[in-house]
Amino acid sequence: MKNKIILLLFAFCFSLVLFAQNEGQSDFVYTNREKIYPSAKRPKAVSSEKISEAAEKNLNNAGKDYVEKKSDVFKFALESQIIELLTELTENQDPRFVDPAYDLFLETKSPSVKEKLIRYFSALKDPCLEDFTVDVINDPYDEKSNIVEASFLYLESVKSKDAVPGLIDLLEKDDSYFTQALSALGECGGSLEAQYLASYIDKPDLTTAQKQALVKVLGKLKAVETFDKLRALAEDQNENTFVRMYAAQAMGSMEKSEAEDILVSLYEEENPNFRVYVLKGLSYYNGEKSRKVLLQALRDSNYKVRLEAIENIEKLSLGDAVPYLTYRCKDAGEESVVKNKCYKTLAALNTAESNNFLISLLQDEKTADSTKGRVAQALLEHGNGKKEVADLAIASLADKKKLSLSYALGKEIAKYSDSSFEKVCAAYIASKDVAAQGTGLDMFAKGKYSSVRATVEELAKPAIEAEKDEKKQKTAKAIGQRLLTYVDVKTYIDERMQGIQDETIATAEEVIKYLTSVLRGESTSAVLSMCGDGCQEIIKKTPDEKERLKAAELLGKRYGLFTDKVNLEGAVPVIISGEDQLED
């Protein structure tokens, strides 16, 4: 009887342990575990719009010749040249070479080239390499690390559903791929994967960093089925702060109505970083309670909280916040980063009050030039303040002390084609300042202003003539090289060149005579001299003392006047002593 009681007590304690381990864990069972192996497919057909976009990014590379030349690189060039080209195409997201790139991928044995090709198709979001990259993720252990890394990024970019079972398998079995697999799941997964990850959070062997990453991914997936789990994490004050922060943001991103009240309540916490993420969650709600919290956040003692509030105000187009934002701009003690954000948000709100305030900053002489540049940028970005910015640009161009401001304003104006800027373009092109003139040409390139065209064409004439001369020179050089292959022609040219050299090269006697005339002050040279009112005139000038001394030094060297060495010339007898000791 006693033994039975002991066994019952042991079983009861064991069940309590199991209950404690399983408490809070979901009953969700994930079943999508069978790995998939997609079939091969060629790249997607490229639309004419995409081709035009690629050509416009670099007009020098828009022609048919460029495409043919670069296509040959894929076929015949060195590995380093192919990698260089792929880097360029990836940066420009240029889709014109998908077919030769894909053909190269099928045949290359170079891991470096293969990686660059994966990254190229990743930038284009073309699923043609899905079969290869899913195979890599299903079994990454025999592949180079750079190929595995590029494959993770590729599958994220194309949001491959076929990769999900392999990603889940890596998440569970190999910590070395945990972060990459989890990040890819955030793009490739759906509601089922979100529920799986929500249950995975309760695993006791997870590190804090892994738990933080899991919650961030749940925020990307936005599966409402995980709302309760995220709420519990956000409200748990014993939980890691970053886990709570990410959970608060993720909960708001689901846009469930009950989340607004929860987040408003959470904003009362003392940690400013936590308040920032609560505001990120509230950015999905435009209710009265959320608005009040945002206006309150503009007066928060922590500047990061104020910045986040300003970001949300712009996102929600909260016009009621304009007086608060203008106050922040006027506050001498406000952080510059907050003020700069206020300028952009005021311009984005685009109310009469906000625009008038920004224009008043442009017109106020006390406003710093750097601030005027930022305000002008913000106004123009939203199509406002064109006249005021144009007037300020012309005025600053005429003031040497304001050249930096004129450059900044000109750079912004050159982004837009608008009749309001035609006079500005003309003024900049007419400027004697080279940098300003270049900015004026940028404005013309954008706006093609008719009143300025004649001036631009006049400025372009020397360049056009120089280009013509260069072409003529290239043609003449080519013909000349061919003529020199004929021996009689080459002999004739050599003789004529020798004659020309004899006629044009100064003799030693001429050099001595010239230096003597400088030494004696008899030679003259034409120089510029100031004649009043900032003007100059050409006058004749005799050599000064420094120039005459230099001539004397050169002449002295010629005649050996400045050397302590003795110049011995003549025959020197050689005397051999000990003649009687020499053997016969």
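Use the structure listed above.
Residues numbered from 1 in each chain as written. Predicted model: local features only at pLDDT ≥ 70, side-chain atom pairs only at ≥ 80, totals over all residues. Heavy atoms only, no water.

1. Some details on the overall build of the chain
Part 1: Per the secondary structure count, the chain includes 30 helices and 2 strands.
Part 2: Here the chain holds 584 residues, and the buried ones make up 38% of them.
Part 3: Within the chain, contacts between residues at least 6 apart in sequence are counted, and of these 63% link residues at least 24 apart.
Part 4: Just so you have it, the chain exposes about 36,000 Å², and 52% of that area is on carbon and sulfur atoms. (Helix = DSSP H or I, 4+ residues; strand = E, 2+ residues; numbered from the N terminus. Buried < 20%, exposed > 50% of the residue type's maximum accessible area, 1.4 Å probe, protein only. Contact = heavy atoms within 4.5 Å. Areas by Shrake-Rupley, 256 points an atom, 1.4 Å probe, with all protein chains shown as cover.)

2. Comments concerning unusual backbone geometry
Part 1: A positive phi is found at Gln93, a non-glycine position, where the angle reads about 50 degrees.
Part 2: Relative to the assigned elements, Gln93 resides in the loop between α4 (79-92) and α5 (98-107).
Part 3: Backbone geometry at Lys159 places phi at a positive 55 degrees, although glycine is not the residue there.
Part 4: Position of Lys159 among the secondary structure elements: in the loop between α8 (145-158) and α9 (164-173).
Part 5: Residue class for Lys159 comes out partly exposed when judged on its relative accessible area of 44%.

3. Considerations on the pattern of salt bridges
Part 1: Summed over all chains, the structure comprises 29 salt bridges.
Part 2: Notably, a salt bridge pairs Lys35 with Asp169, separated by 3.3 Å at the nearest N-O pair. One end of the pair, Lys35, is in the loop between α1 (2-22) and α2 (48-57); the other, Asp169, is in helix α9, with 134 residues separating them in the sequence.
Part 3: Assessed through its relative accessible area of 28%, Lys35 is described here as partly exposed.
Part 4: Lys341 is the salt-bridge partner of Glu311, the closest N and O atoms lying 2.9 Å from each other. Of this pair, Glu311 sits in helix α18 (residues 303-316) while Lys341 sits in helix α20 (residues 336-349), placing them 30 residues apart in sequence.
Part 5: Classification of Glu311 as partly exposed rests on a relative accessible area of 38%. (Salt bridge = Lys/Arg side-chain N within 4 Å of Asp/Glu carboxyl O.)

4. Looking at the packing of aromatic side chains
Part 1: Per the stated rule, a full pass over the model turns up 11 aromatic pairs.
Part 2: Ring centres of Phe105 and Phe132 lie 5.1 Å apart, and the angle between their planes is 85 degrees; this geometry places the pair in the edge-to-face category. Of the two residues, Phe105 is situated in helix α5 and Phe132 in helix α7 (residues 130-138); the sequence distance between them amounts to 27 residues.
Part 3: Residue class for Phe105 comes out buried when judged on its relative accessible area of 6%.
Part 4: Sitting above the plane of the Tyr246 ring, Lys216 keeps its charged end 5.0 Å from the centroid.
Part 5: Taking NZ or CZ as reference, Arg244 lies 4.4 Å from the ring centre of Phe274, over its face. (Phe/Tyr/Trp six-rings, centres within 6.5 Å; stacked < 30°, edge-to-face > 60°. Lys NZ or Arg CZ within 6 Å of the ring centre and 35° of its normal.)

5. Regarding α4
Part 1: The first and last C-alpha atoms of α4 sit 20 Å apart over 14 residues, in line with the 20 Å expected at 1.5 Å per residue.
Part 2: Among the residues of α4, those classed as buried are Ile82, Leu85, Leu86 and Leu89. Seen along its axis, α4 keeps its buried residues to an arc of 100 degrees; they face one direction. More than 90 degrees from the buried face of α4, the exposed residues found are Ser80, Glu84 and Glu91. (Expected span 1.5 Å × (residues − 1). Arc of directions from axis to C-beta.)

6. Some points on helix α12 (residues 208-221)
Part 1: With 14 residues, α12 extends 20 Å between its outermost C-alpha atoms, agreeing within 8% with the 20 Å of an ideal straight helix rising 1.5 Å per residue.
Part 2: Contacts made by the buried residues of α12 are with α10 (178-188), α11 (191-200), α13 (227-235) and α14 (241-253).
Part 3: Once α12 finishes, Lys222 follows within two positions and takes phi at roughly 55 degrees, a positive value.

7. Observations regarding the environment of Pro38
Part 1: Residue placement: Pro38 occurs in the loop between α1 and α2.
Part 2: Among the residues examined, Pro38 registers a relative accessible area of 15% and is labelled buried.
Part 3: Residues Pro38 and Asp162, 124 residues apart in the sequence, show an inter-C-alpha distance of 7.0 Å.
Part 4: Those residues within four positions of Pro38 in sequence are excluded, and the remaining contacts are Glu130, Asp131, Val134 and Asp162.

8. As for the environment of Ala55
Part 1: Here Ala55 is to be found in helix α2.
Part 2: As for Ala55 and Asp94, which are separated by 39 residues in sequence, their C-alpha atoms are 8.2 Å apart.

9. Examining the state of the cysteines
Here, disulfide denotes a covalent bond that connects the sulfur atoms of two cysteines.
Part 1: Per the counting criterion, the structure on display carries 0 disulfides.
Part 2: Take Cys342: it sits in no disulfide, and the sulfur closest to it among the cysteines is that of Cys329, at 4.4 Å. (Disulfide = S-S within 2.5 Å.)

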